[in-house]
Structure formats: C-alpha cells, structure tokens
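# Per-entry structural report
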Amino acid sequence: MSELYDVIVIGSGPAGYPAAIRAAQNKLKVACIDEWKNTDGSFAFGGTCLNAGCIPSKALLESTELYQRAKDEFKVHGIKIGDLTLDLAAMQKRRAAVVKTMTGGITALFKANGVIGIQGHGRLLPGNKVLVTGANGAEQTLEAKHVVLASGSVPVQLKTVPHDGKYIVDSWNALEFDAVPARLGVIGAGVIGISRSRDSTSSWGPMCRVRPWPAARWTSCTPMRKATTRFKSTSWWWRWGANPSRGGCWRRAPV
C-alpha cells in the first residue's frame, strides 16, 4: 500500500522547495523529491539554480570582480598592491562552500517546516501516484491528493557539438574548471550562459542594455527615484539595466 500525502512536489529548485514549504506551513502533509547528485556522488536539494546555476555563478562572479577591481581600479584610489595573483583553486573552494551552505539551508527549512525530503528520481503515475527510485535502485510508491511538477531542466546535448568533457563542456562542467580559459565560446545567451562568459574573462561592466526599437535606439534603465507610472519619463538615472515592467523606464540612447 502506497504512503498517502496531501502534496508531493517533484523537484526542489527555486519553484519546488518554496511550494513544498508553503504547503507544509498550511498544515498539509508534504513530500519533496529531488534526484540531484553532485560530482562527488552526494545528493543535494536546490536544483540547478543552487547547485550549478545562479548561486555558484554569482559566487565566482563576486570573486572575479574583486580580482578585476584590485588589478585595475584600486590604484586610482591610492591603494597599491604588490604582485597580484589569481588562485582559482581557492575561488572554487569558496564557491563550493557557498553552495553547500545554501543547499544545507534548504534541508534545514524542510525540517523546520515539516517537509519530508526524499532524494531519488520521482516519476508520475496514473492516479496521483509517484514512483520514487532511490540511488541504490530501491523503489517506493507514494500517493497524494495533489502533485506539483517542478522538475526543472538539464543542459541540452547538441548532436552537432558533442561534449568531450575537455574542450566542449556544458554549463555544469564549466563550474569545475581548474584553469581560466584563454578563450571561451558560449552557446546560449541565457542567465547561465552570460554568467559563464563573465567568469572566464574575470571582468564585467555596467549592464545597461541597448536594444533595437522602431525608428530609434532605446535603453532600459532604473530611475534613482521611482516613477509614479510605468514608462514615465524622469531625469534621474542609474547605470544598471532593469525590466520596465518592474518599475524601470525607457530613455533614448545616444546615437
């Protein structure tokens, strides 16, 4: 006989784990299933975002920004440094520690809110049943009144560009570089793709984006004081880009 839950969430990424916690806070019996496995064979909650996406990328970006500033900007402020070297192994160690802290935090949140975290592969069956296959191959069947599918995504394997693990890698492998590439080509311009390209150059700049617009060029910037209505013109601007639907404004860029 399968074990009965109010809610089963398949996936513990940024969509799955908040859904599981919120359901548990509403006094429901909740299980959250995730099969993420790290390169060392250990399991972790958090999905791609925490383990091989946003969080580790931002950790590396912070390190590379500090390196770039120490290399190119500190002297302008009268701060002189001797021989400046980049210890990539230390950067990677810090990145791994940041990820471990974040994923451990999800485990703690599950425990505090009464969410049952299950590590393994979840497959939806008819009748709101979920077959869970653990790392050792053991199977168990769970049943719920409601099932939330938040299984996320994995890197695309392109037939024309097969991965060899050395010269052609995916976004997950890129987090494990033991040396900074002299050149790097990135296929894909999403959040992870852009972050990877910045990691490799150890440099990043203002993100105010100029995009084509009929009969003119326009750029989206965040006003230093919030406009009272969407797209309202203002003379105060900040250098970072913004989504106009979230309070940003449009202005004509210099031609």
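Presented here is a report on the structure given in the accompanying data block. This structure is a prediction, so every number in the text was calculated from the model and none was measured. Residue numbers restart at each chain and count upward from 1, following the sequence in its written direction. A pLDDT threshold of at least 70 governs which residues receive local features in this predicted model, and a stricter bar of 80 or more applies before side-chain atom pairs are shown or counted, although totals over entire chains, interfaces and linings include all residues. Water and hydrogen atoms play no part in the side-chain values, which are based on all heavy atoms of the structure.

Looking now at the overall build of the chain. Helix and strand labels come from DSSP, where a helix needs a run of H or I of at least four residues and a strand needs a run of E of at least two; each type is numbered from the N terminus. Across its full length, the chain carries 6 helices and 9 strands. Three labels apply to residues, based on accessible area from a 1.4 Å probe with only protein chains included: buried if under 20% of the type maximum, exposed if over 50%, partly exposed otherwise in between. Relative to its 255 residues, the chain shows a buried fraction of 33%. Within the chain, residue pairs in contact and separated by at least 24 positions form 56% of the contacts whose partners lie at least 6 positions apart. Residue-level accessible areas treat just the shown protein chains as cover; the underlying method is Shrake-Rupley with a 1.4 Å probe. About 16,300 Å² of surface is accessible on the chain, with carbon and sulfur atoms providing 57% of the total. Contacts between residues were defined by any pair of non-hydrogen atoms, one from each residue, lying within 4.5 Å.

Salt-bridge detection follows one rule: a side-chain nitrogen of Lys or Arg within 4 Å of a carboxyl oxygen of Asp or Glu. Summed over all chains, the structure comprises 4 salt bridges. A salt bridge links R69 to E73, with the nearest nitrogen and oxygen atoms 3.2 Å apart. We classify R69 as partly exposed; its relative accessible area is 32%.

Our focus in this paragraph is the packing of helix α3 (residues 54–72) against helix α4 (residues 88–113). To obtain each axis, a line is fitted to C-alpha atoms, and for helices this fit is confined to the stretch in contact; angles are then taken between N-to-C directions over 0 to 180 degrees. Viewed as axis vectors pointing N to C, α3 and α4 meet at an angle of 140°, and their least axial separation amounts to 9 Å. Once α3 is placed against α4, the crossing between them reads as right-handed. Along the contact surface, α3 presents I55, P56, A59, L60, E62, S63, T64 and Y67, while α4 presents M91, Q92, R94, R95, V98, V99 and M102. Here the contact of α3 with α4 is composed, by residue class, of 9 nonpolar, 3 polar and 3 charged. Should the near helix be turned anticlockwise from the far one by less than a right angle, the crossing is left-handed, and should it be turned clockwise, the crossing is right-handed. Throughout, the ten residues Ala, Val, Leu, Ile, Met, Phe, Trp, Tyr, Cys and Pro are labelled nonpolar, Asp, Glu, Lys and Arg are labelled charged, and all others, Gly among them, are labelled polar.

All right, on to the side chain of T103 then. Here T103 shows up in helix α4. Any pair of nitrogen or oxygen atoms within 3.5 Å is treated as a polar contact; in protein, a donor-acceptor pairing is required on top of that, and neighbouring residues in sequence qualify only through side-chain atoms on both sides. Within the structure, T103 has its side chain in polar contact with the backbone oxygen of K100 (distance 3.2 Å). Dropping the residues within four chain positions of it, T103 is found in contact with A44, F45, L50 and N51.

Unlike most non-glycine residues, K27 shows phi in positive territory, near 70°. Inspection of the secondary structure puts K27 in the loop between α1 (16–25) and β2 (30–34). Even without a glycine there, the phi angle at N128 is positive, about 60°. By the element assignment, N128 lies in the loop between β4 (121–125) and β5 (129–133).

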